[in-house]
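Summary of the model geometry
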Protein chains: 2
Amino acid sequence: MSTIAHRPLRADARRNREKVLAAAAAAFAESGLEAQIEDIARRAGVGVGTVYRHFPTKEALVEALAGEHFERLADIAEAALEQHGTPWEVFATAVWRCAGAAAGDVAWCELIGGHPSTTQAAAGGQARLAAAMSALIGRARQDGAMRADATVDDVRTIMCGFGHVAAAQRAGAGLDWERYLEIALDGLRAR
Amino acid sequence: MSTIAHRPLRADARRNREKVLAAAAAAFAESGLEAQIEDIARRAGVGVGTVYRHFPTKEALVEALAGEHFERLADIAEAALEQHGTPWEVFATAVWRCAGAAAGDVAWCELIGGHPSTTQAAAGGQARLAAAMSALIGRARQDGAMRADATVDDVRTIMCGFGHVAAAQRAGAGLDWERYLEIALDGLRAR
DNA sequence: CGTTAACATGAAGGTCGGTTCCGCTTTGCC
DNA sequence: GGCAAAGCGGAACCGACCTTCATGTTAACG
């Protein structure tokens, strides 16, 4: 996108940037998107000003992390493309892995359903994820194991619901995201 | 619960109470739980002080509405108990009606997954809903149309996911709650 | 080692939104 | 009609958070 050549960061700045990113990941995972900048700064062992030096706004921080998250999901889905097994198993395993990767992270659960602030930075990862998932779905449909009208958007829809269930579970609502996925994936199977 | 004998409200006060309740329902439906008291007051044509006279806190207002909502869902589920048709159809129809009743209301979608603030006032409706749903599920399982291990919590889980999907759809995420329900209910069917 | 540009700090500023409070109005009752 | 008591209005208050900025610190380079 931007072609501005950033001069390399000073050593301490690069170190702090990483600390902030890690602290933000932890804070968002624990408290969701409403985690506070001051808490993030404290966890990172820096002042709030330092956080703002690296990320002009809270949303930019969220976007940076969301980008990473979707890249990770895309990695999972792409790795599945090379896996052995029935197409359905391969697909289902990929979905389970994605869900497992997101389940412990409140902010991730909140974002996975298509939060507006992800649109920018996460576009690349989301596109890769969609492409890989599409392929997995195509194979499973061809094989006859998946309902013939299934689409990537169905999976997105299911993951969106998943996010709420996992977050509610974490909040003590007595739900179970694994049970949720079991049922939802069953709904994608051919009858 | 409370056995305090409230003296009857003055006529204007009763009228205002209703106006506030209606305005709050509209505002929450449109903007979700983060609708603002001042907006509610404006819609009701009263001052914020009047809102606070009737509901000591924003949360109390939410609870009052949540109570109404769950009563309505319970009514739907109980009405289904008397319906004709295969047990599965009767169950599925009840779920579709509940979803349809909630889908247009952002706050309702947010609450349906078990938001903490519902716990108090909505307990009665939730209990009735659970009881009726339990009966519907029992019949459908008996009939062999529903998976043998299905429980009320499964339906709660599905509805929790539904809430996020419907809210995301309203926010323009390009999802479709009807498709979601179709898949999720299919996942509850016996194979 | 000295210079300087980059960086860090955290108190202060700004905003937003829930809640309070006191002077004024309306209702209900004699 | 007159009087409490109940109710109303909305400016002001207050706390929570994001963001900025003036001042002090540190890495990089000659």
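No experiment lies behind these values; they were computed from the predicted model shown. Numbers given for residues are sequential positions, taken from 1 along each chain in its written order. Both sets of labels track the order of writing: A upward for chains, 1 upward for ligands. Owing to the predicted nature of the model, reporting of local features is limited to residues with pLDDT of at least 70; listing and counting of side-chain atom pairs is limited to 80 or more, with chain, interface and lining totals taken over all residues. As a convention, hydrogens and water are excluded, and side-chain values are obtained from all of the structure's heavy atoms.

1. Some words on the overall build of chain A
Selection rule: Only DSSP runs of H or I covering at least 4 residues are called helices, and only runs of E covering at least 2 are called strands; the numbering of each starts at the N terminus. Accessible area is worked out with a 1.4 Å probe on protein chains only. A residue is then buried under 20% of its type maximum, exposed over 50%, and partly exposed in between. Residues count as neighbours in contact if any of their non-hydrogen atoms are within 4.5 Å of one another. The accessible surface values rely on the Shrake-Rupley method and a 1.4 Å probe; as for residues, cover is taken only from the protein chains in view. Positive: Lys, Arg. Negative: Asp, Glu. His and the chain ends are not part of the count. Charge coordinates come from a single atom per side chain, which is NZ of Lys, CZ of Arg, CG of Asp or CD of Glu.
From N to C terminus, chain A includes 9 helices and 0 strands. Of the regular secondary structure in chain A, the N- to C-terminal order runs α-α-α-α-α-α-α-α-α. By its C-alpha atoms, chain A is 55 × 45 × 25 Å across when sized along the principal axes. For chain A, buried positions account for 47% of its 191 residues. Taking as baseline every contact in chain A between residues at least 6 positions apart, the subset at least 24 positions apart corresponds to 68%. Carbon and sulfur atoms form 52% of the exposed surface of chain A, whose accessible area is close to 9300 Å². Across chain A, the centroid of the 21 positively charged side chains sits 6 Å from that of the 24 negatively charged ones.

2. As for the environment of A:Ala140
Residues and elements named next belong to chain A. Relative to the helices and strands, Ala140 resides in helix α7 (residues 123-142). Residue classification places Ala140 among the buried positions, given a relative accessible area of 0%. When sequence neighbours within four positions are dropped, the list of residues in contact with Ala140 reads Pro87, Trp88, Ala145 and Met146.

3. Some points on the packing of aromatic side chains
The relative placement of two aromatic rings is captured by the distance of their centres and the angle of their planes. Which entries qualify depends on this criterion: Only rings of Phe, Tyr and Trp enter the pairing, Trp through its six-membered ring, and a pair is recorded when the two centres are within 6.5 Å. The plane angle decides the type: under 30 degrees is stacked, over 60 is edge-to-face, the rest tilted.
By the definition in use, this model includes 6 aromatic pairs over all chains. Here A:Trp96 and A:Trp177 contribute two aromatic rings whose centre-to-centre distance is 6.2 Å and whose plane-to-plane angle is 45°, an arrangement assigned as tilted. With A:Trp96 in helix α5 (residues 87-103) and A:Trp177 in helix α9 (residues 177-188), this pair connects stretches of sequence that are 81 residues apart. Arranged with centres 5.5 Å apart and planes meeting at 55°, the rings of B:Trp88 and B:Phe91 form a pair that is tilted. With B:Trp88 and B:Phe91 both in helix α5 (residues 87-103) and 3 residues apart, the pair spans about one turn of that helix. Each of the two residues, B:Trp88 as well as B:Phe91, counts as buried. Site record: aromatic cluster; members linked through ring pairs are A:Trp96, A:Phe162 and A:Trp177.

4. Some remarks on the protein's contact with DNA strand D
Threshold: For this description, a residue counts as near a given molecule or strand if any of its non-hydrogen atoms is within 4 Å of it. Whenever two N or O atoms come within 3.5 Å, that pair is a polar contact, provided that in protein one can donate a hydrogen and the other can accept it, and provided that, for residues adjacent in sequence, both atoms are side-chain atoms.
Contacts to DNA strand D come from 23 residues, most closely from A:Gln36, A:Lys58, B:Arg10, B:Asn16 and B:Thr50. Each atom of DNA strand D within 4 Å of the protein was assigned to sugar, phosphate or base; sugar and phosphate come to 67%. Interatomic distance of 2.5 Å between a side-chain N/O atom of B:Arg10 and a base nitrogen of DNA strand D. Sorting elements by how many residues they give to the surface near DNA strand D places helix α3 (residues 48-54) of chain B first, with 5 residues.

5. Some details on the relation of the copies chain B and chain A
We apply this condition: In superposing the copies, a least-squares fit is computed on C-alpha atoms, taking residues whose pLDDT is at least 70 in both.
Mapping chain B onto chain A leaves a residual RMSD of 0.1 Å; the transformation is a rotation of 180° accompanied by 0.1 Å of translation along its axis. Taken together, the rotation and translation relating the two chain copies correspond to the operation of a two-fold axis. Both copies present the same face, since 100% of the interface residues in chain B are matched by interface residues at the equivalent positions in chain A.

6. Structural notes on the interface of chain B and chain A
This is how the line gets drawn: Here the quantity called buried area is the total loss of accessible area, with a 1.4 Å probe, experienced by two parts when brought into contact, counted for both. Between Lys or Arg on one side and Asp or Glu on the other, a salt bridge is scored when a side-chain nitrogen of the former is within 4 Å of a carboxyl oxygen of the latter. Ten residues, namely Ala, Val, Leu, Ile, Met, Phe, Trp, Tyr, Cys and Pro, are considered nonpolar, four, namely Asp, Glu, Lys and Arg, are considered charged, and the remaining ones, Gly among them, are considered polar.
Between chain B and chain A, the contact holds 32 residues from the first and 32 residues from the second. In total, about 2500 Å² of surface goes out of reach between chain B and chain A, with carbon and sulfur atoms giving 51% of it. For the pair chain B and chain A, the number of links is 10 salt bridges. Between A:Arg191 and B:Asp186 there is a salt bridge whose closest N-O contact spans 3.5 Å. Inspection of the region where chain B meets chain A yields 15 residue pairs in polar contact (both at pLDDT 80 or more). Of the residues that constitute the side of chain B that touches chain A, the class distribution is 13 nonpolar, 8 polar and 11 charged.

7. Some thoughts on the protein's contact with DNA strand C
If you check the shell around DNA strand C, you find 24 residues, and the closest are A:Arg10, A:Asn16, A:Thr50, B:Gln36 and B:Lys58. At 3.3 Å, a side-chain N or O of A:Arg53 approaches a phosphate oxygen of DNA strand C. One of the side-chain N or O atoms of B:Gln36 is found 2.6 Å from a phosphate oxygen in DNA strand C. Every element with two or more residues in the surface near DNA strand C is listed here: α1 (11-31) and α3 (48-54) of chain A together with α1 (11-31) and α3 of chain B. When grouped by side-chain class, the residues that make up the surface near DNA strand C number 9 nonpolar, 8 polar and 7 charged.

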